[in-house]
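These are the residues of each chain, in order.
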Amino acid sequence: MKISINIDQSLNDDEICIHVKKITEPVSRLIEKLSGDGESESDDGFSSMITGKKDETVTFLKPENIVRIYSLQKKVYAKAYGSEREQDDYELSQRLYQIEELMKEDDFKKFIRISNTDIVNFDYLKNMDMSLNGNIVMNLKNGERVFVSRRYMKEIKTKLKIR
C-alpha cells in the first residue's frame, strides 16, 4: 500500500482522500478509524455515524437516517435513507453485538434490539400488532414489517412504557 501526504496551507479543514482499487475489509476499518477522533463525539459528528458500503462506495450513515439494522446470511445491513431521501441497504462491517454496544451512546438511544437478527430505530415505528396468537409484529413507517422475539419483549415494553 502506498501512502502519500500533501500539505496544503490553503485548506480550511483537513481533508483525507483515499484512492483504492476496491473496498476491502482493511480499507473499511481504516475509514471507520479515521471517521472518529477517539473521543465519544468528534467536532464533525463522525464518531456517532456508522459506515456502510453499497456498490463499492462507503457512506457515513447518521443514526437518525437508519430505519433498522439487520442480519441476513451472516452479513449485517442497515436500511437507511440516503441523501436523496431514498431507502437503501448498506452492508456494515460491524456485527450486531457491536452495534448493540453503540446503542449506549446518546445518538443511538432510540435503537433497540427486537430479535437475534434485528435492531430497530423507534423513530420509524408506526405501530405494533400484538395478535392473540402470540406473534408480535412491528409495522415501520417505511412499510416494512419485522417480527419481535418474545425474548426481547420485556425490554421493548419498558422502553415504550407499555404494560
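Residues numbered from 1 in each chain as written. Predicted model: local features only at pLDDT ≥ 70, side-chain atom pairs only at ≥ 80, totals over all residues. Heavy atoms only, no water.

Colleague: Which residues make up the side chain of Asn 139, and what values go with them?
Modeller: Along the chain, Asn 139 falls in strand E9 (residues 136–140). Residue class for Asn 139 comes out buried when judged on its relative accessible area of 15%. Here Asn 127 takes part through its side chain, which lies 2.6 Å from a polar atom of the side chain of Asn 139. Among all residues touching Asn 139, those that are not within four sequence positions of it are Tyr 124, Leu 125, Lys 126, Asn 127, Asp 129, Glu 144 and Arg 145. (Helix = DSSP H or I, 4+ residues; strand = E, 2+ residues; numbered from the N terminus. Buried < 20%, exposed > 50% of the residue type's maximum accessible area, 1.4 Å probe, protein only. Polar contact = N/O pair within 3.5 Å; in protein donor to acceptor, adjacent residues only side chain to side chain. Contact = heavy atoms within 4.5 Å.)

Colleague: Lay out the pairing of E9 with the relevant residues and their values.
Modeller: Across the five residues of E9, five count as buried, placing the element largely inside the fold. Of the two faces of E9, the one holding Ile 136, Met 138 and Leu 140 and the one holding Val 137 and Asn 139 are both buried throughout. Relative to E9, strand E8 (residues 125–130) is paired through five bridges, and the arrangement is antiparallel. Residue pairing in the sheet places Asp 129 in a bridge with Val 137 of E9. Inspection of the sheet shows E9 paired to strand E10 (residues 145–148) by four bridges, in the antiparallel sense. Bridging across to E10, Asn 139 finds its partner in Arg 145. In sequence, E9 turns back onto E10 through a hairpin of four residues, with Gly 143 there showing a positive phi of about 95 degrees. (Pairing = 2+ DSSP bridges.)

Colleague: Summarise the environment of Tyr 70; cite the residues concerned and give the values.
Modeller: You can see Tyr 70 is positioned in strand E3 (residues 66–72). Judged by its relative accessible area of 10%, Tyr 70 is buried. Taking the C-alpha atoms as reference, Tyr 70 lies 9.6 Å from Arg 95; in sequence the two are 25 residues apart. Among residues more than four places away in sequence, those in contact with Tyr 70 are Lys 75, Val 76, Tyr 77, Lys 79, Asp 89, Thr 117 and Asp 118. At 3.0 Å, the side chain of Tyr 70 and the side chain of Asp 89 are in polar contact.

Colleague: Could you give an account of the nonpolar core, naming the residues involved and the relevant values?
Modeller: Counting residues in hydrophobic clusters, the biggest one holds 17 residues, and the most contacted among them are Ile 114, Met 128, Met 138, Val 148 and Ile 156. For this core, the elements supplying multiple residues, two or more each, are E8, E9, E10 and helix H3 (153–160). Setting aside residues up to four positions removed in sequence, Ile 156 forms contacts with Ile 112, Arg 113, Ile 114, Phe 122, Met 128, Met 138 and Val 148. By size, the runner-up hydrophobic cluster in this structure holds 16 residues, among which are Ile 66, Val 76, Tyr 90 and Leu 102. (Core = buried A, V, L, I, M, F, W, Y, C linked by side-chain atoms within 4.5 Å.)

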